[in-house]
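Here are the chains, one letter per residue:
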Amino acid sequence: MTAQATDFAASTAPADVVRRQYLASAAGDLQALRASLAPDVEWTEMAGFPLAGTYRTPEGVTAGVMERLTQDWDHWTAHDDTYIVDGENVVVLARYTAVNKNTGKPLDVRVAHHFTVRGGQIVRFEQFVDTALVRDAMTD
């Protein structure tokens, strides 16, 4: 492992913590994803989204969101591309892609995620997404 990779893996910089969360999610590594979350994390999926609500604890987030997404969607991925950092706040512009298991319809929708990172862990997350496009992919 290079020094740069080691630095990234141990970095508490908010953007690095968030980036590790996306990498863990894309790899399906729920243990690494949980490690990026504070014990008292508040993770909010947008009203109108199929998993709308606020989830607490790393286990609650992975069970209530990540595991449920894989039940309903094939190849669910959040592609992070633009980071805007202001202190402990990180806004990520991204894209969800997936295929709904029931309808076979693809999903390709832009999203924004707002993270708050303290002490090297994500303490708060809020999702913004066009929920109509998600619902369209879920209905015949």
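You'll find the structure just up there.
What this report covers is the structure whose coordinates are included nearby. (Residues numbered from 1 in each chain as written. Predicted model: local features only at pLDDT ≥ 70, side-chain atom pairs only at ≥ 80, totals over all residues. Heavy atoms only, no water.)

### Some remarks on the packing of aromatic side chains
For step 1, the next point in the chain: Applying the stated criterion across every chain yields a total of nine aromatic pairs.
For step 2, the next point in the chain: Between Tyr 22 and Phe 115 the ring centres are 5.8 Å apart and the planes differ by 70 degrees, which places this aromatic pair in the edge-to-face class. With Tyr 22 in helix H2 (residues 14–27) and Phe 115 in strand E5 (residues 106–118), the pair connects residues that are 93 residues apart, well separated along the chain. Summarising the burial analysis for this pair, Tyr 22 and Phe 115 share the class buried.
For step 3, the next point in the chain: Through a chain of ring-to-ring contacts, three or more aromatic side chains come together here, namely Tyr 22, Trp 43, Tyr 83, Phe 115 and Phe 125. (Phe/Tyr/Trp six-rings, centres within 6.5 Å; stacked < 30°, edge-to-face > 60°. Helix = DSSP H or I, 4+ residues; strand = E, 2+ residues; numbered from the N terminus. Buried < 20%, exposed > 50% of the residue type's maximum accessible area, 1.4 Å probe, protein only.)

### A word on the pattern of salt bridges
For step 1, the next point in the chain: All chains considered together, the criterion is met by five salt bridges.
For step 2, the next point in the chain: The partner of Glu 88 in a salt bridge is Arg 118, with the nearest N and O atoms 3.0 Å apart. Placement of Glu 88 in the loop between strand E3 (73–86) and strand E4 (89–100) and of Arg 118 in strand E5 is noted, with a sequence separation of 30 residues between them.
For step 3, the next point in the chain: In this structure, the salt-bridge partner of Asp 108 is Arg 95, at a minimum N-O distance of 2.7 Å. Remark: Arg 95 occurs in strand E4 and Asp 108 occurs in strand E5; sequence separation between them is 13 residues. (Salt bridge = Lys/Arg side-chain N within 4 Å of Asp/Glu carboxyl O.)

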